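Residues per chain, in single letters:
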Amino acid sequence: QALWGEGEIAFRDCVLITEGESDALAVRAAMRAWHDIAVHTVDKYAPETFPAVVAKPDAGTFKETWARPLRGKEVTLITDADEAGQNGAKKTACILRAAGVRRVFAWMPSGAKDARAAFKAGMPHLLANDIYTKRIELE
């Protein structure tokens, strides 16, 4: 078994890892909306500037083999707003750091169950901005 969407990892410096494919699809759509209106990309629609968005199957599962292609990259874990999400982020961060990931961040939706619910609740570009501005670095 592999991470859903892992084919994008090799071409990107930043990777967002969600809990489940539906959250990954919501985050991908949010990132596209954000990049479409962001000042620094207004001159050109440039999908290669997006972070890679991949999904692990659930909060607690992350295999060491999945971490190898992430060596040297910046990773943001997009977790559900529950205890399982928080615990899974800590466990995954340990595996990522051991594999040589440059920086590990975590983001939990505020006022929503998960990224998909946050996407449905508001304008998509706000979700993308929120992921960048309200994430915390995991030590």
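Residues numbered from 1 in each chain as written. Predicted model: local features only at pLDDT ≥ 70, side-chain atom pairs only at ≥ 80, totals over all residues. Heavy atoms only, no water.

A.B. asks: Could you clarify how one ought to interpret the nonpolar core in this entry?
C.D. replies: General note: in soluble globular proteins, nonpolar side chains tend to be found buried as a group. The biggest cluster of nonpolar side chains holds 21 residues, and the ones touching the most others in it are Val15, Ile17, Phe62, Leu70, Val75, Leu77 and Leu96. Broken down by element, the residue count for this core peaks at 4 residues, all from helix α3 (residues 83-98). (Core = buried A, V, L, I, M, F, W, Y, C linked by side-chain atoms within 4.5 Å. Buried < 20%, exposed > 50% of the residue type's maximum accessible area, 1.4 Å probe, protein only. Helix = DSSP H or I, 4+ residues; strand = E, 2+ residues; numbered from the N terminus.)

A.B. asks: Even after reading the chapter, I still don't get the environment of Ala67, so can you show me in this structure?
C.D. replies: The residue Ala67 is located in helix α2 (residues 64-67) in this model. Measuring from C-alpha to C-alpha, the distance between Ala67 and Ile95 comes to 7.0 Å, with 28 residues separating the pair along the chain. Apart from residues no more than four positions distant in its own chain, Ala67 is found in contact with Phe62, Ile95, Leu96 and Ala99. (Contact = heavy atoms within 4.5 Å.)

A.B. asks: Help me out: how do you make sense of the sheet that holds strand β4 (residues 103-107) in this one?
C.D. replies: Either a parallel or an antiparallel arrangement is found when strands of a sheet pair, and the pairing is made through backbone hydrogen bonds. The 5 strands are arranged β2-β1-β3-β4-β5 in an open sheet whose pairing can be described as mixed. Each edge of the sheet is formed by a strand with only one pairing partner; in this case those strands are β2 (52-56) and β5 (136-137). Looking at chain direction, β4 and β5 are connected through 2 bridges and run antiparallel. Following the sheet pairing, Ala106 is matched in β5 by Ile136. Relative to strand β3 (residues 74-78), α3 is tilted by about 160°, and along the sheet it contacts β1 (14-19), β2, β3 and β4. (Pairing = 2+ DSSP bridges. Axes fitted to C-alpha atoms, helices over the stretch in contact; angles between N-to-C directions.)

A.B. asks: Mind showing me how you'd approach α3 here?
C.D. replies: A turn of α-helix holds 3.6 residues, and therefore any two residues three or four places apart point the same way. For α3, built from 16 residues, the straight-helix expectation of 22 Å at 1.5 Å per residue is met to within 8% by its first-to-last C-alpha distance of 23 Å. Looking only at α3, the buried set comprises Gly85, Gly88, Ala89, Thr92, Ala93, Ile95 and Leu96. Each buried residue of α3 sits inside an arc of 165° when the element is viewed along its axis, so together they form one side. In α3, the exposed positions angled more than 90 degrees off the buried face are occupied by Glu83, Lys90 and Ala98. (Expected span 1.5 Å × (residues − 1). Arc of directions from axis to C-beta.)

A.B. asks: What am I meant to see in the environment of Ile95 here?
C.D. replies: By secondary structure assignment, the location of Ile95 is in helix α3. Once the C-alpha coordinates of Ile95 and Lys63 are considered, the two residues, 32 residues apart in sequence, prove to be 7.9 Å apart. Beyond its immediate chain neighbours, meaning those up to four positions away, Ile95 contacts Phe62, Lys63, Glu64 and Ala67.

A.B. asks: Even after reading the chapter, I still don't get the pattern of salt bridges, so can you show me in this structure?
C.D. replies: Note that side chains of opposite charge can pair when their charged atoms are close. Per the counting criterion, the structure on display carries 10 salt bridges. Linking Arg103 and Glu137 is a salt bridge whose minimum nitrogen-to-oxygen distance equals 2.9 Å. Pair noted here: Arg103 is in strand β4 and Glu137 is in strand β5, with a separation of 34 residues, a long-range link. A relative accessible area of 35% means that Arg103 is categorised as partly exposed. For Glu137, a relative accessible area of 34% translates into the label partly exposed. Between Asp130 and Lys134 there is a salt bridge, and its shortest N-O distance comes to 3.3 Å. For Asp130, a relative accessible area of 14% corresponds to the buried category. One continuous salt-bridge network, built from bridges that share partners, spans Asp13, Glu74, Arg102 and Arg135. (Salt bridge = Lys/Arg side-chain N within 4 Å of Asp/Glu carboxyl O.)

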